[in-house]
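So you can see what is in the structure, the chains are spelled out below.
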Amino acid sequence: MEEVKKDKFLKPEYEVREVEAPDGSIIKVDPLNDYYSQEKPEPYKVKEGPVEKFLNWARAESLWVLGFGTGCGSIEIPPLVTPRFDMYRFGVQMRATPRQSNVFIISGYLSVKTLKRAIRAYEQMPSPKYVIGLGSCTINGGMYYDSYNTINRLDHYLPVDAYIAGCMPRPEALLAGFGELKKLIKEGKGHKANEYVENLDWYKANQRKIIKDWNMPDYNW
Ligand code: SF4
């Protein structure tokens, strides 16, 4: 690996550095080119006492889901907006853009090509935000565990708040998953997005390791 040069005029957080990927290999991370923001993102500051409790209650009862199906499991999402399952009665609704959404359902296997889009979409979502891994493929790769172009551990690339197991999980399982996510948020345990920000180098190293054409544009978070 080529040597990492130090720039004495750069703030330390912008310096190129080497970090360890899950398989133990060393990856070079260049924050100014690899991150999509002009400024390094800040974690959400959790408030004290009843204020945060109230906010968590409000967040849990208003889940806005990004309408972005990544794998075959996404076919189980449309029934939720029919009268039979009617997810609106639980305060869950679909939105068309990441800027309007706070829940991202990764609905099954994620190809490397789609992962790139998923990262871009996730980072545009406002915090606090939550990720649900839908189906076995997000947990361990499922039936695509040894596929050459899909990831098999979603949580190595994006922070996952809740998993819904199955292949493919039925709409009832999705509703139960929303219920579990709501419980987590109300208990103040829905801050995985902070882990993403706090461990950005680790996530970026993992993402860069498999996304070979890393030509991402800059985004403000
Ligand atoms: S878990 Fe099953 S249904 Fe879901 S994406 Fe994987 S193969 Fe498809």
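Undergrad: Explain the overall build of the protein chain here, please?
TA: Within the protein chain, the secondary structure is distributed over 7 helices and 9 strands. For the protein chain, the C-alpha radius of gyration of 18 Å lies close to 17 Å, the compact-globule estimate for 221 residues. Principal axes of the C-alpha set define a box for the protein chain whose edges measure 60 × 45 × 25 Å. Put simply, the protein chain has 221 residues, and 45% of those count as buried. Taking contacts inside the protein chain between residues at least 6 apart in sequence as the whole, the part at least 24 apart equals 75%. When the accessible area of the protein chain is evaluated, it comes to approximately 11700 Å², of which 54% is carbon and sulfur surface.

Undergrad: How should I be thinking about the site of the ligand in this particular structure?
TA: By nearness alone, every residue bordering the ligand is listed as C72, G73, G108, Y109, G135, S136, C137, M143, Y144, G166, C167 and M168. Looking at side-chain class alone, the shell around the ligand contains 7 nonpolar, 5 polar and no charged residues.

Undergrad: Which parts of the structure should I look at to understand unusual backbone geometry?
TA: Across residues other than glycine, the phi torsion is negative in most instances, and most of the peptide bonds are trans. The peptide bond linking S127 to P128 adopts the cis configuration, its omega dihedral lying at -5°. Locating P128 in the fold gives a position in the loop between α3 (112-124) and β7 (130-134). The peptide bond linking C167 to M168 adopts the cis configuration, its omega dihedral lying at -5°. Inspection of the secondary structure assignment puts M168 in the loop between β9 (162-164) and α5 (171-186). Not every positive phi belongs to a glycine, and D86 is a case in point at roughly 45°.

Cut-offs used in this document
- Residues numbered from 1 in each chain as written.
- Predicted model: local features only at pLDDT ≥ 70, side-chain atom pairs only at ≥ 80, totals over all residues.
- Heavy atoms only, no water.
- Helix = DSSP H or I, 4+ residues; strand = E, 2+ residues; numbered from the N terminus.
- Rg over C-alpha atoms; globule rule 2.2 N^0.38 Å.
- Buried < 20%, exposed > 50% of the residue type's maximum accessible area, 1.4 Å probe, protein only.
- Contact = heavy atoms within 4.5 Å.
- Areas by Shrake-Rupley, 256 points an atom, 1.4 Å probe, with all protein chains shown as cover.
- Near = heavy atom within 4 Å.
- Nonpolar A, V, L, I, M, F, W, Y, C, P; charged D, E, K, R; others polar.

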